[in-house]
2 protein chains.
Amino acid sequence: MTYCVGLLVEQGLVMIADTRTNAGLDNVSTFRKLTVVERPGERVLALASAGNLSVSQTVVSLLEEGIEDPETGIVAKLDNQPSLFKAAELVGRAIREVRAVHGPALAEAGVTFDVSFLFGGQIRGGPMRLYMIYAAGNFIECGQDAPFLQIGEHKYGKPILDRAVRFGGDLYDALKIGLISMDSTMRSNIGVGLPVDVLVLRPGALAPEVNLRIEAGEPYFHDLRERWSAALRAAHMAIPRPPYGPKRAG
Amino acid sequence: MTYCVGLLVEQGLVMIADTRTNAGLDNVSTFRKLTVVERPGERVLALASAGNLSVSQTVVSLLEEGIEDPETGIVAKLDNQPSLFKAAELVGRAIREVRAVHGPALAEAGVTFDVSFLFGGQIRGGPMRLYMIYAAGNFIECGQDAPFLQIGEHKYGKPILDRAVRFGGDLYDALKIGLISMDSTMRSNIGVGLPVDVLVLRPGALAPEVNLRIEAGEPYFHDLRERWSAALRAAHMAIPRPPYGPKRAG
């Protein structure tokens, strides 16, 4: 399992990815699912993956090695795409190449070709963008009305995003809400777990403002989890009891 | 889509079911999914369903008409089972009978035989119980460690249940938490919607203490939704901003 969320607000981009993987129920491990491609001052791109780990890793490796155009001999990489849109297309192409190689044998083995990516960042001269790329290589772009995208186990952590994320809000509030969304998911689904990788990008900076791993026991995240739990408890206790049923004293 | 939740605490049983159904994306309708079987002073049983509506309705109708034993001629109904466990077994048997009749043609049409039930209540002389019954007719019973069961779109509304429901808590607090869980689900998934049917049973009463439908605009539920939204907003705003990244003034 996996949970990744990307939040694209006016002040920048936040990407958060957990690291838990499982092959079956009893083979649980930790793998990094957030890949960052940096050329400071020129571009910073981030790719978060969900789905079959062998597929997502192969896609990322293929993007790192590059895809050669048989006619021109030019090797296309995330590193040399002229725009974020072109780079998203390249990710889609890499997914289709991996499917062409591995898809038939996976299908024969009864394994679904299941992969999805969040892909965001900025290339000098272009806007900051965030995409969700599907297993067929097609993609959608994050908009201002619902300024976030999720992959993996997205349902547990969606209510807080639906309520709280605003395009015009502060960048670090978006990070905070993303971490609450991650916490809600980890609390209810054992397939999603710490450590969590976090990336924060500010438009124009063309280098990460934050690129860190939150481990178990990290003080801020630990405090956030405690405070959120306490606040939820206080919130539901502050709501009056339902007036249905027999009238009761008190 | 559907969301139903049952909460079994020391003081009693709460069952909540939404009413939205959809055949495809553009055929959305309202159907009651919570069936109550009452013989005041003797038994009160409730069945909430998720999955394919034709299957769940057929199971409920079969249980109402009864299943005749070909050898003894005795017709088994929810109404005449000696214990809640036997009644749950009968629901399972009804599911398997419906599968025997409709399963092959559904499979041919590419439709999954997808159905699940929450089944709870009390029969005089026995304890109050709550079961989740699967499409194969097998079932699990609700325990005290996690005193709730869910069917349908269960993920959005699970975090609040995980955090807030306590077996020893007040019955109407359990109802309140169940309604918050329903609200979170409706807020994030358009396939789950009002009106919502609610049943509250107290051990020994052998008749519903609450059996009502909450329509859009019902004052308490409307107020609960507003208060919960406001409290969540206040809760995430009260958490300090992440200390990661460059130090900022204020």
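So, how was this worked out
- Residues numbered from 1 in each chain as written.
- Chains lettered and ligands numbered in written order.
- Predicted model: local features only at pLDDT ≥ 70, side-chain atom pairs only at ≥ 80, totals over all residues.
- Heavy atoms only, no water.
- Least-squares fit on C-alpha atoms with pLDDT ≥ 70 in both.
- Contact = heavy atoms within 4.5 Å.
- Buried area = accessible area lost by both parts, 1.4 Å probe.
- Salt bridge = Lys/Arg side-chain N within 4 Å of Asp/Glu carboxyl O.
- Polar contact = N/O pair within 3.5 Å; in protein donor to acceptor, adjacent residues only side chain to side chain.
- Helix = DSSP H or I, 4+ residues; strand = E, 2+ residues; numbered from the N terminus.
- Nonpolar A, V, L, I, M, F, W, Y, C, P; charged D, E, K, R; others polar.
- Buried < 20%, exposed > 50% of the residue type's maximum accessible area, 1.4 Å probe, protein only.
- Pairing = 2+ DSSP bridges.

Asker: Quick question: what am I supposed to make of the relation of the copies chain B and chain A here?
Answerer: Two chain copies here: they are related by a rotation about an axis and a translation along the same axis. Once turned by 180° and shifted 0.0 Å along the axis, chain B lies on chain A with an RMSD of 0.0 Å. The transformation relating the two chain copies, once decomposed into turn and shift, fits a two-fold axis. Closest to the rotation axis within chain B is the C-alpha of Tyr156 of chain B, separated from it by 2.3 Å.

Asker: Whenever I open this one, the interface of chain B and chain A confuses me. Can you help?
Answerer: On the chain A side, the residues contacting the 49 residues of chain B number 49 residues. Across the interface of chain B and chain A, roughly 4500 Å² is buried in total on both sides, 62% from carbon and sulfur atoms. The largest per-residue losses of area from chain B upon contact with chain A belong to Arg163, Ile239 and Tyr244 of chain B, which jointly make up 19% of the total buried on that side. Taken together, the connections running from chain B to chain A amount to 8 salt bridges. Along the contact surface separating chain B from chain A lie 24 residue pairs in polar contact (both at pLDDT 80 or more). Put simply, the parts of the chain that give the side of chain B that touches chain A at least two residues each are helix 3 (158–164), helix 4 (171–188), strand 14 (210–214) and helix 5 (219–238) of chain B. Looking at the side of chain B that touches chain A, the element that brings in the most residues is helix 5 of chain B, giving 13 residues. In terms of residue class, the side of chain B that touches chain A is made up of 27 nonpolar, 6 polar and 16 charged.

Asker: How should I be thinking about the pairing of strand 1 (residues 3–9) of chain B in this particular structure?
Answerer: Put simply, side chains in a regular strand alternate between the two faces of the sheet. All names here are of chain B. Of all the 7 residues making up strand 1, 7 are buried; the element is thus mostly covered by neighbouring parts of the structure. A two-sided burial pattern is seen for strand 1, the buried positions comprising Tyr3, Val5, Leu7 and Val9 on one face and Cys4, Gly6 and Leu8 on the other. Here strand 1 pairs with strand 2 (residues 12–18) via 6 bridges, running antiparallel. Opposite Leu8, over in strand 2, you have Leu13 as the bridge partner.

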